[in-house]
Amino acid sequence: MNSQRTPLVAGNWKMHGSLEGNTVLLAEVVKGAGLFGRAQVAVCVPFPYLAQAKSLLAATPVRWGAQNVSEHTHGAYTGEVSCAMLKDFGCRYVIVGHSERRQFFGETDVWVTRKVQAAFAHGLVPILCVGERLEERDAGRTDRIVTEQTEMATGELSSEQVVNLVVAYEPVWAIGTGRSATGEEANRVTGLIRRALGRRSGGASAQTRILYGGSVTPDNAAEVFGQPEIDGGLIGGASLDAGKFTAIVRAASRERGNL
Ligand code: PGA
């Protein structure tokens, strides 16, 4: 990891949780905060639990966010949640374009682009997810897919926005499968994403935090976070276990040389 970029480890709870279970999990994550070192930590929870996250985390170093947002500001969009609503609940982050949204809910690059812009317009930090599917990797199209997804979603951003943006490289075949990319390959593709960002934003992309996501565990965290291009992780399954999640956060801090 580059020492200029503050590491970030964000949990993606997906559609998991309960009021009771979250209370225990968040208390344990907060308890581990003293061991986080320089790494920043966030949890992206289901919408109904944002109020709970706000009340339990407001006085702690742990930030919170959502897993999706509407590109519209308000209006007759049944079932949608706006950026302003996320701000009302104190969110700092919002995951945009996760592969599960693209795969199961038909999110296109055009929507993802609008959502990234909407997030910035309302003072939220988008965690933009990009990544190739297995058949695309097997067909040798990884680099093209990831570059196109990145260019499409960020083409209209200012240099300042590129600095504040968080990108997560998440190869779809590695998500929830227990099959992580090797550190070396994750680093290579992350570098590619940084260059794609840099073509439009000049030097700004040197400051963009790019995370890796896909079956990160305490066992492979050091290998992943030891890579120079990778600035932290987007953690699914392991973020539901406070012990595993805090071990991953500590690995991120250690690889940055401050623990
Ligand atoms: P995983 O999920 O850690 O369970 O593979 C990562 C993600 O989907 O963000």
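Rules and cut-offs
Residues numbered from 1 in each chain as written. Predicted model: local features only at pLDDT ≥ 70, side-chain atom pairs only at ≥ 80, totals over all residues. Heavy atoms only, no water. Salt bridge = Lys/Arg side-chain N within 4 Å of Asp/Glu carboxyl O. Buried < 20%, exposed > 50% of the residue type's maximum accessible area, 1.4 Å probe, protein only. Core = buried A, V, L, I, M, F, W, Y, C linked by side-chain atoms within 4.5 Å. Helix = DSSP H or I, 4+ residues; strand = E, 2+ residues; numbered from the N terminus. Contact = heavy atoms within 4.5 Å. Axes fitted to C-alpha atoms, helices over the stretch in contact; angles between N-to-C directions. Parallel < 35°, antiparallel > 145°, perpendicular 65-115°, else oblique. Left-handed = near helix turned anticlockwise from the far one by under 90°. Nonpolar A, V, L, I, M, F, W, Y, C, P; charged D, E, K, R; others polar.

Colleague: Would you mind going over the pattern of salt bridges with me for this structure?
Modeller: Close approach of charged atoms lets side chains of opposite charge pair. Applying the stated criterion across every chain yields a total of 15 salt bridges. Here Arg-101 makes a salt bridge to Glu-107, at a shortest N to O gap of 3.2 Å. Of the residues examined, Arg-101 reaches a relative accessible area of 22% and is grouped as partly exposed. A salt bridge links Arg-137 to Glu-185; the shortest N-O distance between them is 2.8 Å.

Colleague: Whenever I open this one, the nonpolar core confuses me. Can you help?
Modeller: It is characteristic of soluble globular proteins that their nonpolar side chains tend to be buried jointly. Membership of the largest hydrophobic core comes to 63 residues, with the highest contact counts inside it found for Leu-86, Ile-193, Tyr-212 and Phe-225. Tallying contributions element by element places helix 11 (residues 242-255) first for this core, with 6 residues. When neighbours within four sequence positions are excluded, Tyr-212 is seen to be in contact with Tyr-169, Pro-171, Ala-174, Ser-180, Ala-181, Ala-186, Val-224, Ile-230, Gly-232, Gly-233 and Leu-234. The next biggest cluster of nonpolar side chains, apart from the first, holds 13 residues, and it includes Ile-95, Val-125, Ala-168 and Leu-234.

Colleague: Quick question: what am I supposed to make of the packing of helix 5 (residues 109-121) against helix 7 (residues 142-154) here?
Modeller: For any two helices packed against each other, one specifies the inter-axial angle together with the distance between the axes. Interhelical geometry of helix 5 versus helix 7 gives an angle of 45° and a closest axis separation of 8 Å. Between helix 5 and helix 7, the crossing angle belongs to the class labelled oblique. Relative to helix 7, helix 5 is oriented so that their crossing is right-handed. Between helix 5 and helix 7, the contacting residues are Asp-109, Val-110, Val-112, Thr-113 and Val-116 on the first element and Gln-149, Met-152 and Ala-153 on the second. Taken together, the residues of the contact of helix 5 with helix 7 sort by class into 5 nonpolar, 2 polar and 1 charged.

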